[in-house]
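Geometric and topological summary
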Protein chains: 2
Amino acid sequence: MQEEIKTLLKEQGFTPTKKRLAILDVIFKIQPASVNQIINSLPEIDRATVYRTIDLFIDLNIAKKVYTGFKYRIELGDSFQEHHHHLTCLRCKTVMDVQTPEIEFAIDQTTKNNGFRPMRHDLEIIGYCANCS
Amino acid sequence: MQEEIKTLLKEQGFTPTKKRLAILDVIFKIQPASVNQIINSLPEIDRATVYRTIDLFIDLNIAKKVYTGFKYRIELGDSFQEHHHHLTCLRCKTVMDVQTPEIEFAIDQTTKNNGFRPMRHDLEIIGYCANCS
DNA sequence: ATCATATTGCAAAAGTGTCGCAAAATGATA
DNA sequence: TATCATTTTGCGACACTTTTGCAATATGAT
């Protein structure tokens, strides 16, 4: 997978530098990672570089921003992981991934009814997880 | 409707001041409004006041934050308008409201399957509207 | 090894949101 | 209406987040 992304970077004319791959590694590991989590995990990399790399990854659809609770985070793009949504617990702050074919289907219906061509979507569900209810 | 909110503020022990009502008016008109749109629409009101008022409105469920595209915006809470989601056009930036019973139903199903108790949710669909496709 | 280009760090600046405190506005009471 | 306690607001400072220009460094091609 990391290899695949390396290739994609090269194909698009960007160098898969050590720092870019290190940032990618953190995104793989933390999922979804806040910008600060990435910055703090990699003290040897300047914040400007982290921001620029995130922007690059988003442009290339390697990563995307999602809103869990009320801060955005970074996770892998849909080509590099199963598409899913988030259940965020207000109490323990855990973010659980869920796959929801019914929701995908419902979105298809709705957009078709409006002549809208969907490129992506983001669903965040906020509440209390089984343990914290 | 504005009257209803005035009453609600009083009941909760807050004064429905002119400035608070002016901010409410802007939220009514712009829907969903970015913080900067609100601040710029009301140059006579200090930024700190705008932020504090938005926080107050959110605490009282008069307003809520939603993410259209990649910045959050403020709109009326679910008690004061039909619950809906947004179709945001990447080209013309128009934000269209849609009501989607199927999606509400699908969310219910999904959360039940996970023992999750949903308090609110936010779905943003990004793509191209009928005119821009 | 050399060179043109891409990437990075650094420092400054812009943007966004929060806070303490003093001044002003409000509503209750007399 | 005048007084008073309380709430609301503006101001300024500050903290945090993100962007930018530029010089230094690293990279890949030759």
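The text that follows walks through the structure, step by step, so that each part is easy to find. (Residues numbered from 1 in each chain as written. Chains lettered and ligands numbered in written order. Predicted model: local features only at pLDDT ≥ 70, side-chain atom pairs only at ≥ 80, totals over all residues. Heavy atoms only, no water.)

As for the interface of chain A and chain B
Opposite the 34 residues of chain A that make contact, chain B presents 35 residues. Both faces combined, the contact of chain A with chain B buries some 3,300 Å², and carbon together with sulfur accounts for 67% of it. Interface area lost by chain A to chain B is led by A:Phe70, A:Phe116 and A:Arg120, which between them contribute 21%. The interface formed by chain A and chain B includes 0 salt bridges. Joining chain A to chain B, the criterion identifies 14 residue pairs in polar contact (both at pLDDT 80 or more). Of all the secondary-structure elements, those providing two or more residues to the side of chain A that touches chain B are strand 1 (63-68), strand 3 (85-89), strand 4 (95-98), helix 5 (101-113) and strand 5 (117-128) of chain A. (Contact = heavy atoms within 4.5 Å. Buried area = accessible area lost by both parts, 1.4 Å probe. Salt bridge = Lys/Arg side-chain N within 4 Å of Asp/Glu carboxyl O. Polar contact = N/O pair within 3.5 Å; in protein donor to acceptor, adjacent residues only side chain to side chain. Helix = DSSP H or I, 4+ residues; strand = E, 2+ residues; numbered from the N terminus.)

Considerations on the protein's contact with DNA strand D
With respect to spatial proximity, 20 residues lie near DNA strand D, and among them A:Tyr51, B:Thr17, B:Lys19, B:Arg20 and B:Thr49 are the closest. For DNA strand D, the fraction of protein-proximal atoms (within 4 Å) that sit in sugar or phosphate groups is 75%. In the model, a phosphate oxygen of DNA strand D is placed 3.0 Å from a nitrogen or oxygen of the A:Asn36 side chain. Separating a phosphate oxygen of DNA strand D from a side-chain N or O atom of A:Tyr51 is a distance of 2.3 Å. Sorting the residues of the surface near DNA strand D by element identifies helix 3 (35-41) and helix 4 (47-59) of chain A together with helix 2 (18-30) and helix 4 (47-59) of chain B as the ones contributing at least two each. Looking at which element gives the most residues to the surface near DNA strand D, the answer is helix 4 of chain A, with 5 residues. Per-class residue counts for the surface near DNA strand D are 7 nonpolar, 5 polar and 8 charged. (Near = heavy atom within 4 Å. Nonpolar A, V, L, I, M, F, W, Y, C, P; charged D, E, K, R; others polar.)

So, the protein's contact with DNA strand C
Around DNA strand C sit 18 residues in total, of which A:Thr17, A:Lys19, A:Arg20, A:Thr49 and B:Tyr51 are the nearest. Among atoms of DNA strand C positioned within 4 Å of the protein, sugar and phosphate together represent 67%. Note that a base nitrogen of DNA strand C is positioned 2.9 Å from one of the side-chain N or O atoms of A:Arg52. Measuring from a base nitrogen of DNA strand C, one finds a side-chain N or O atom of B:Arg47 at 2.7 Å.

Quick word on the environment of B:Gln109
All names here are of chain B. You can see Gln109 is positioned in helix 5 (residues 101-113). Look at Gln109 and you get partly exposed, because its relative accessible area is 32%. Once the C-alpha coordinates of Gln109 and Val35 are considered, the two residues, 74 residues apart in sequence, prove to be 34 Å apart. (Buried < 20%, exposed > 50% of the residue type's maximum accessible area, 1.4 Å probe, protein only.)

Re the sheet that holds strand 3 (residues 85-89) of chain B
Judged by pairing direction, the sheet is mixed, and its 6 strands sit side by side in the order 4(A)-3(A)-5(A)-5(B)-3(B)-4(B) without closing on themselves. For this open sheet the edge positions go to strand 4 of chain A together with strand 4 (95-98) of chain B, each flanked by a neighbour on one side alone. Strand-to-strand twist of the sheet, defined as the mean angle between neighbouring strand axes without regard to direction, takes the value 20°. Packing of helix 5 of chain A onto the sheet brings it into contact with strand 3 and strand 5 of chain A together with strand 3, strand 4 and strand 5 (117-128) of chain B, and relative to strand 5 of chain A it is tilted by some 130°. Here helix 5 of chain B sits on the sheet and contacts strand 3, strand 4 and strand 5 of chain A together with strand 3 and strand 5 of chain B; the angle it forms with strand 5 of chain B, its principal contact strand, is near 130°. (Pairing = 2+ DSSP bridges. Axes fitted to C-alpha atoms, helices over the stretch in contact; angles between N-to-C directions.)

Some thoughts on the pairing of strand 1 (residues 63-68) of chain B
All names here are of chain B. The buried count for strand 1 comes to 5 of 6 residues, which makes it a mostly enclosed element. As paired strands, strand 1 and strand 2 (residues 71-76) are joined by 6 bridges and run antiparallel to one another. Counted as the bridge partner of Lys65 is Ile74 from strand 2.

Quick look at the packing of aromatic side chains
One pass over the full model with this rule turns up 3 aromatic pairs over all chains. Relative to A:Tyr72, the ring of A:Tyr67 has its centre 6.1 Å away and its plane inclined at 70°; by these criteria the two rings are edge-to-face. Within the aromatic cluster, the residues linked to one another by ring pairs are A:Tyr67, A:Tyr72, B:Tyr67 and B:Tyr72. In this structure, A:Lys65 packs its charged tip against the face of A:Tyr72, placed 4.4 Å from the ring centre. (Phe/Tyr/Trp six-rings, centres within 6.5 Å; stacked < 30°, edge-to-face > 60°. Lys NZ or Arg CZ within 6 Å of the ring centre and 35° of its normal.)

Re the pattern of salt bridges
Residue and element names in this part refer to chain B. In total, this model carries 4 salt bridges over all chains according to the counting rule given. Glu3 is the partner of Lys6 in a salt bridge, and the nearest nitrogen-oxygen pair spans 3.8 Å. In this pair, Lys6 and Glu3 both sit in helix 1 (residues 2-11), 3 residues apart, roughly one turn of the helix. Classification of Glu3 as exposed rests on a relative accessible area of 53%.

Quick notes on the side chain of B:His121
Secondary-structure assignment places B:His121 in strand 5. Looking at B:His121, its side chain comes within polar contact range of the side chain of B:His85, at 3.2 Å. At 3.0 Å, the side chain of B:His121 forms a polar contact with the side chain of B:Glu104. When sequence neighbours within four positions are dropped, the list of residues in contact with B:His121 reads A:Leu123, A:Glu124, A:Ile125, B:His83, B:His85, B:Glu104 and B:Ile107.

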